[in-house]
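If you want the building blocks of each chain, they are given just below.
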Amino acid sequence: MTSMSTTAPTPRDSAGWFTKSERWLDEKGKGAWIAAMVLGFIFFWPVGLALLFYMIWSKRMFSKSCSPRRMGQHMTTMRSTGNAAFDSYKADTLRRLEEEQNNFEAFLERLREAKDKSEFDQFMDERANAAKSED
């Protein structure tokens, strides 16, 4: 008698075509969803309309990203690569860029304040001239 060894299918393997398609489009991002919707409208308009309704209903249309893998990209920036020289260079570069960003934001703030002050001074001068002309 021979014994048959079967492995239970994983949830990923037993997923239907719709779930597999949805997962594939999510991996590709929002652009893939939009392309699928446009192609649906081109080839058979009810398919495009159904995709549009599904994207709105599942909140894929208005989310920042369809792919959860993009959420962790910021954390990989701070991770060590194992190369001490490169990690040091990366840390120095990031520190320098943050310093430049802070200096630029301070510069923009000074520009806004100078513009606000000149507009206020102009308003006050016009108000004073209007008061003089009424007298």
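A short tour of the structure in this document, coming up. Nothing here was measured: the structure is a model prediction, and the numbers come from that model.

Once that is clear, we can look at the layout of surface pockets. Considering only enclosed or pocket space, the largest pocket measures out at about 210 Å³ in volume. The wall of the largest pocket is formed by Trp17, Phe18, Ser21, Glu22, Leu25, Trp33, Ala36, Gly40, Val47, Ala50, Leu51 and Tyr54. Listing elements by their share of the lining of the largest pocket, those giving two or more residues are helix 1 (17–28), helix 2 (30–43) and helix 3 (45–57). When residues of the lining of the largest pocket are assigned to their parent elements, the largest contribution, five residues, is made by helix 1. Looking at the lining of the largest pocket, its residues break down into nine nonpolar, two polar and one charged.

This brings us to the packing of aromatic side chains. Scanning the entire structure with this criterion turns up three aromatic pairs. Here tyrosine 54 and tryptophan 57 contribute two aromatic rings whose centre-to-centre distance is 5.8 Å and whose plane-to-plane angle is 40 degrees, an arrangement assigned as tilted. Of this pair, tyrosine 54 and tryptophan 57 both sit in helix 3, three residues apart, which is roughly one turn of the helix. Judged by relative accessible area, which is 18%, tyrosine 54 ranks as buried.

Axis separation between helix 1 and helix 2 bottoms out at 5 Å; the angle between their running directions is 125 degrees. On the basis of the axis angle, helix 1 is oblique to helix 2. Taken together, the residues of helix 2 that come into contact with helix 1 (itself represented by Glu22, Leu25, Asp26 and Lys28) are Ala32, Trp33 and Ala36. Taken together, the residues of the contact of helix 1 with helix 2 break down into four nonpolar, no polar and three charged.

The first and last C-alpha atoms of helix 3 sit 18 Å apart over 13 residues, in line with the 18 Å expected at 1.5 Å per residue. Every buried residue of helix 3 is listed here: Gly48, Leu51, Tyr54 and Met55. Viewed along the axis of helix 3, the buried residues span an arc of 125 degrees, placing them on a single side of the element. Residues of helix 3 that are exposed and point over 90 degrees away from its buried face: Trp45, Phe53 and Trp57. At its buried positions, helix 3 is contacted by helix 1 and helix 2.

With that out of the way, let us pick up the nonpolar core. Ranked by size, the top nonpolar core spans seven residues in total: Leu25, Ala32, Trp33, Met37, Leu51, Tyr54 and Met55. Excluding residues that lie within four positions of it along the chain, leucine 25 makes contacts with Ala32, Trp33 and Ala36.

Let's shift gears to the side chain of threonine 93. Considering the arrangement of structural elements, one finds threonine 93 in helix 5 (residues 84–134). One polar contact links the side chain of threonine 93 to the main-chain carbonyl oxygen of tyrosine 89, over a distance of 2.8 Å.

Looking now at the side chain of aspartate 87. Position of aspartate 87 among the secondary structure elements: in helix 5. The side chain of aspartate 87 sits in the buried core without any salt bridge; lysine 90 is the nearest counter-charge, 4.5 Å away. With near-sequence residues (within four places) excluded, aspartate 87 lies in contact with Ser80, Thr81 and Gly82.

Along the chain, methionine 55 turns up in helix 3. Its relative accessible area of 0% is what places methionine 55 among the buried residues. Sequence spacing of methionine 55 and tryptophan 33 is 22 residues, and the spatial spacing of their C-alpha atoms is 7.9 Å.

Criteria and thresholds
Residues numbered from 1 in each chain as written. Predicted model: local features only at pLDDT ≥ 70, side-chain atom pairs only at ≥ 80, totals over all residues. Heavy atoms only, no water. 1 Å grid on protein atoms, 1.4 Å probe; cavity = no way out; pocket = protein on both sides within 12 Å on 5 of 7 lines; lining within 4 Å. Points joined across faces, edges and corners; volume = space filled by probe spheres on them. Helix = DSSP H or I, 4+ residues; strand = E, 2+ residues; numbered from the N terminus. Nonpolar A, V, L, I, M, F, W, Y, C, P; charged D, E, K, R; others polar. Phe/Tyr/Trp six-rings, centres within 6.5 Å; stacked < 30°, edge-to-face > 60°. Buried < 20%, exposed > 50% of the residue type's maximum accessible area, 1.4 Å probe, protein only. Axes fitted to C-alpha atoms, helices over the stretch in contact; angles between N-to-C directions. Parallel < 35°, antiparallel > 145°, perpendicular 65-115°, else oblique. Contact = heavy atoms within 4.5 Å. Expected span 1.5 Å × (residues − 1). Arc of directions from axis to C-beta. Core = buried A, V, L, I, M, F, W, Y, C linked by side-chain atoms within 4.5 Å. Polar contact = N/O pair within 3.5 Å; in protein donor to acceptor, adjacent residues only side chain to side chain. Lys, Arg positive; Asp, Glu negative; His and termini not counted. Salt bridge = Lys/Arg side-chain N within 4 Å of Asp/Glu carboxyl O.

So far we have only geometry, and geometry alone does not tell us how the molecule works.
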